[in-house]
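# Descriptive structure summary
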Amino acid sequence: MFPSIAQRIFNLLSGLWVGSLLTIGFLVVPTLFSSLGDRQVAGLVAATLFKSIAYISVLTSIVLMSLANYFVRLGKSQFRLDRWLLLGMLACAIGAAFIIIPWMNSLRDQALYLGLSVRESTHAVLFGRLHGVSSAIYMLQALLGIALIWRTTKNAD
C-alpha cells in the first residue's frame, strides 16, 4: 500500500512543481511586463519570483529523486529515466539559484547603487547575456518537467 501512496505523492508533487514552473515563467512574468508600466519594477518582481521558484525547485527535485530511487529499489525500472530527468532539472535549478540569479542580482544592485537601471549601466551587455542563459536554462527545466509529467502519467496507468 505504501508504494501506491508514494506514487500518488510523486505525481502530485511533480504536477504542482512543473505547473508552477510553467505558470510563473510563461504566464505571470510576461503579464508583469505587459501590465506594469515600469520595466525595472517588473524585473525586480520577476527576479524575486524566479529566485523563489529556483529554491523550491532544488528542494522538490531532491524529494522527487529520493522517491524515484525508492521506486527503482522496488523494481519499478521505468523510474530510472525519471531520475535522469530530475537530475537535469536539479542541475538547472542549482545553476539558476546559486549562480545565474545571484550574479544578475549583483549587476542589478550595482546599477541601482549608481541610480541607473541595469540596462543603462556598463554591465548591460553582460546582464543581457546572463538573461539569455537564464531563459535557456528555465526553458530546458520546463521541457524536462513536461517530459517528467508525460512519463509519470503514463506510469500511473
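A brief structural summary.

Parameters at a glance
Residues numbered from 1 in each chain as written. Predicted model: local features only at pLDDT ≥ 70, side-chain atom pairs only at ≥ 80, totals over all residues. Heavy atoms only, no water. Patch = residues over 30% accessible without salt bridge, like charges linked within 9 Å, V, L, I, M, F, W, Y side chains within 5 Å. Areas by Shrake-Rupley, 256 points an atom, 1.4 Å probe, with all protein chains shown as cover. Salt bridge = Lys/Arg side-chain N within 4 Å of Asp/Glu carboxyl O. Helix = DSSP H or I, 4+ residues; strand = E, 2+ residues; numbered from the N terminus. Core = buried A, V, L, I, M, F, W, Y, C linked by side-chain atoms within 4.5 Å. Buried < 20%, exposed > 50% of the residue type's maximum accessible area, 1.4 Å probe, protein only. Contact = heavy atoms within 4.5 Å. Phe/Tyr/Trp six-rings, centres within 6.5 Å; stacked < 30°, edge-to-face > 60°.

### Section: a nonpolar patch on the surface
- Side chains of Tyr55, Ile94, Phe98, Ile99, Trp103 and Leu126 sit close together on the surface and give an oily, nonpolar patch of about 570 Å² of accessible area.
- If one sorts the elements of the nonpolar patch by residue count, helix α3 (residues 79-113) sits on top with four residues.
- Secondary-structure assignment places phenylalanine 98 in helix α3.

### Here's the deal with the nonpolar core
- Counting residues in hydrophobic clusters, the biggest one holds 27 residues, and the most contacted among them are Phe10, Leu86 and Met89.
- Put simply, the parts of the chain that give this core at least two residues each are α1 (2-35), α2 (39-73), α3 and α4 (124-155).
- Looking at this core element by element, the count peaks at ten residues for α2.
- Not counting chain neighbours up to four residues away, the residues in contact with methionine 89 comprise Trp17, Val18, Leu21, Gln141, Leu144, Gly145 and Leu148.

### Here we look at the packing of aromatic side chains
- A complete count under the given rule lists seven aromatic pairs for this structure.
- Note on phenylalanine 50 and tyrosine 138: the rings are 5.0 Å apart at their centroids and 75 degrees apart in plane angle, and the pair reads as edge-to-face. Of this pair, phenylalanine 50 sits in helix α2 while tyrosine 138 sits in helix α4; the two residues are 88 residues apart in sequence, bridging distant segments of the chain.
- Classification of phenylalanine 50 as partly exposed rests on a relative accessible area of 24%.
- Judged by its relative accessible area of 12%, tyrosine 138 is buried.
- One aromatic cluster in this structure is built from Phe10, Tyr70, Phe71 and Phe79.

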